[in-house]
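# Structural description and commentary
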Amino acid sequence: MSGDRIPAAEPAELVPASARLRAEGVELLELSFVDNAGIVRVKTAPLDRLPELARYGLGASPCFETFTFDDVMLRGTHLGGPDGDLRLIPDISRLTRLVAMPGWAWAPADKYTQDGPRFVACQRDFVARQVAAAASMGLTVSAAFEHEWALAEPGTDDFVPAVTGSGYGQVRLEALADYGLALVRTLREQGLEVLQFHPEYALGQAELSVAAKDPVGAADDAVLTRHTIRAVSLRHGWRASFAPCLVPEGAGAGAHLHLSVHDSRGNLFAGGRGRYGLQPDGEAFLAGVLRELPALVAIGAGNPASFLRLGPSRWAGIWQVWGRETREAALRLITGTEGTQSWAANAEIKCFDATANPYLAAGAVVAAGLAGVREELTLPDEITGDPALLTESDRAEAGIERLPAGPEEAADALAGSEVLAEALEPELHDAILTVRRGEAARFGEATPDEVAAATRWTW
């Protein structure tokens, strides 16, 4: 929480962790945080310093709060510039040996000020606050990100697919077999439960899903999973890219967020009398997310490259609508098969991609949903099929609106969202807007090819 001070790590927690990692050959520790442009930033130190780091942290400049994805330093109303310092405190409970990077371990970091209190714009704390807000309403949220990435040949900044074959095709799986086995084994060794792995639709693309956790854990898992995928790919002689668009006009890569909401009786997306078994608070939560989707795009897919992916008839979720198993809707309800609804029913936000800070994306969705519960919102009629095939007048009559089609439009939607402005608080809200508007201005005149080239190997 924002008023918390640097926690004192218990020796009973640190000593066995250090001993275990040292016995596993770890010598260096990586602390990571994700900035508002969606870039994972790191500081590292020898493992022997873990007790000191757990108590006093590792220094990091607050300037990164207003860095763009290509490292241009901006200054916002509250944050940015050369002044000040933060302390990165590792979450000891998430200390993980990086199997594909021998000698290294990783932990996500929380940001504190030098004087002790939690940094007001700590993104990991933001999602933790939303989890606490849900708990105060008697609700718990489970979440997980899907991961789509493309594998490319090394030695060029152009995109040359490392594997060929049809989307979801056996031929491509045969080319990925050894790689996929190594990847799944590595993730499992690092404590992640893999649910599925398969060749995806786009050129050279694969997809992997991990089990749901609380939203903080889900965001941590997203960082660790992508980190691992890149490392395993390098060991196989390939480059991995999570960029939303490698080739303009081609199929892109998303990072869909799945979530479910529970109260003391169970899953609010199942077992009720509403449409498809929705319970009143479950429907209200989804209605809150649906209402805030234009603003959520700025957080979950606000990079200029995101809008190369967000096109019609691509299953990218560009429409502010919902539907059961409707893959053109930005908000897709997944009810599960007969007999599994109570634990399988969940919702998917399809417009998000890996340029998002996963802590911000998960926290903002929870904040939007909780606002819907407080206001007892209801969902409009669902849609079926592809809204792009309707006429503009038919879409207007059905209340089907397109989500923002560019980064400036998305930033305007976030600026106008009272729900997200309140949840993010002024400093973090302004820093996100500073980054998004700065990126929009820098690439406003760029061609799709130039945007794709500038972002291809950033994520």
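Below, the structure is looked at part by part. Owing to the predicted nature of the structure, the values given are computational and were not obtained by experimental measurement. Per chain, residue numbering runs from 1 following the sequence as it is written. Per-residue local features of the predicted model are confined to residues with pLDDT of at least 70, and side-chain atom pairs are confined, for both listing and counting, to 80 or more; whole-chain, interface and lining totals are unaffected and use all residues. Computation of side-chain values covers all heavy atoms of the structure but excludes hydrogens and water.

Scanning the chain for helices and strands turns up 13 helices and 15 strands. Radius of gyration here is computed from C-alpha atoms only, and the compact-globule reference equals 2.2 Å multiplied by the residue count raised to the power 0.38. Compactness check: the chain gives a C-alpha radius of gyration of 21 Å against a globular reference of 23 Å for 459 residues, within 12% of the reference. Projected onto its principal axes, the C-alpha positions of the chain cover 65 × 50 × 50 Å. Burial classes: relative accessible area under 20% of the type maximum marks a residue as buried, over 50% as exposed, and values in between as partly exposed (1.4 Å probe, protein chains only). Within the chain, the proportion of its 459 residues that are buried is 59%. Nonlocal contacts in the chain, meaning residues at least 24 apart in sequence, comprise 72% of its contacts between residues at least 6 apart. Areas reported as accessible are Shrake-Rupley estimates using a 1.4 Å probe. Residue values count occlusion only from the protein chains shown. When the accessible surface of the chain is split by element, carbon and sulfur atoms take 51% of a total near 18300 Å². Helical segments are the DSSP runs of H or I of at least four residues, strand segments are the runs of E of at least two, and each set is numbered from the N terminus. For this analysis, residues touch if any pair of their heavy atoms sits within 4.5 Å.

Okay, helix H9 (residues 358-375) next. Since one α-helical turn is 3.6 residues long, residues separated by three or four positions face the same way. One less than the number of residues in a helix, times 1.5 Å, gives the span that helix is expected to have. Here H9 is 18 residues long and its end C-alpha atoms lie 26 Å apart, about the 26 Å a rise of 1.5 Å per residue gives. Of all 18 residues in H9, 16 are buried; the element is thus mostly enclosed. With a side-chain oxygen lying 2.8 Å from the backbone nitrogen of Tyr359, the N-terminal cap of H9 falls on Asn357. Glu376, located one to two residues past H9, shows a positive phi value of around 55 degrees. Under this definition, polar contacts are N or O atom pairs within 3.5 Å; protein pairs additionally need one hydrogen-donor-capable and one acceptor-capable atom, and for neighbouring residues in sequence, both atoms have to be side-chain atoms.

Bringing the layout of surface pockets into the picture now. A cavity here means a set of points on a 1 Å grid, drawn over the protein atoms and nothing else, where a 1.4 Å probe fits but cannot get out; a pocket is an open set with protein on both sides within 12 Å along at least five of seven lines, and a residue lines either one if it has an atom within 4 Å of a point. Grid points are joined across faces, edges and corners, and a volume is the space filled by probe spheres set on the points. Its volume calculated, the largest pocket comes out at about 1000 Å³. Surrounding the largest pocket, 41 residues form its lining, Glu146, Glu207, His258, Arg332 and Glu348 being those nearest its centre. For the lining of the largest pocket, the elements supplying multiple residues, two or more each, are strand S7 (140-152), strand S8 (194-199), strand S9 (205-210), strand S11 (257-263), strand S14 (329-334), helix H8 (341-344) and strand S15 (346-349). At 6 residues, S7 tops the list of elements feeding residues into the lining of the largest pocket.

Moving on: the pairing of S15. Burial of the side chains of S15 extends over both faces: Asn346 and Glu348 are buried on one face and Ala347 and Ile349 on the other. Strands were regarded as paired on the criterion that DSSP finds at least two bridges between them. Summarising the sheet, S11 and S15 pair through 3 bridges and their orientation is antiparallel. Paired with His258 across the two strands is Glu348, which belongs to S15. One ladder, built from 4 bridges, connects S14 with S15; its direction is antiparallel. Each residue of the ladder has a partner; that of Ile334, found in S15, is Asn346.

This paragraph deals with empty space enclosed by the protein. Where empty space is left can be seen by rolling a probe of water-molecule size over the atoms. Enumeration according to the criterion identifies 3 cavities of 30 Å³ or more in this entry. In this structure, the largest cavity spans a volume of roughly 60 Å³. Taken together, Ser32, Phe33, Val34, Pro108, Ala109, Lys111, Cys122, Gln123, Arg124 and Tyr359 make up the full set of residues lining the largest cavity. Taken together, the elements giving at least two residues each to the lining of the largest cavity come down to strand S1 (28-34), strand S6 (104-113) and helix H3 (123-136).

Tracing the sequence through the fold places Thr335 in the loop between S14 and H8. Here the alpha-carbon distance between Thr335 and Leu278, two residues 57 residues apart in the chain, equals 9.2 Å. In this structure, Thr335 is in contact with Tyr276, Arg324, Glu325, Gln341 and Ala345, ignoring residues within four places of it in sequence. A distance of 2.9 Å separates a polar atom in the side chain of Thr335 from a polar atom in the side chain of Arg324.

Membership of the largest hydrophobic core comes to 120 residues, with the highest contact counts inside it found for Trp149, Tyr179, Leu259 and Leu420. For Leu259, the contacting residues outside a window of four places in its chain are Val141, Ser142, Ala143, Phe269, Phe285, Asn346, Ala347, Ile349 and Val365. Nonpolar cores were defined as sets of buried Ala, Val, Leu, Ile, Met, Phe, Trp, Tyr and Cys residues, with membership established by side-chain atoms within 4.5 Å. One finds Leu14, Leu29, Leu50 and Ile92 within the second-largest nonpolar core, a separate group that totals 20 residues.

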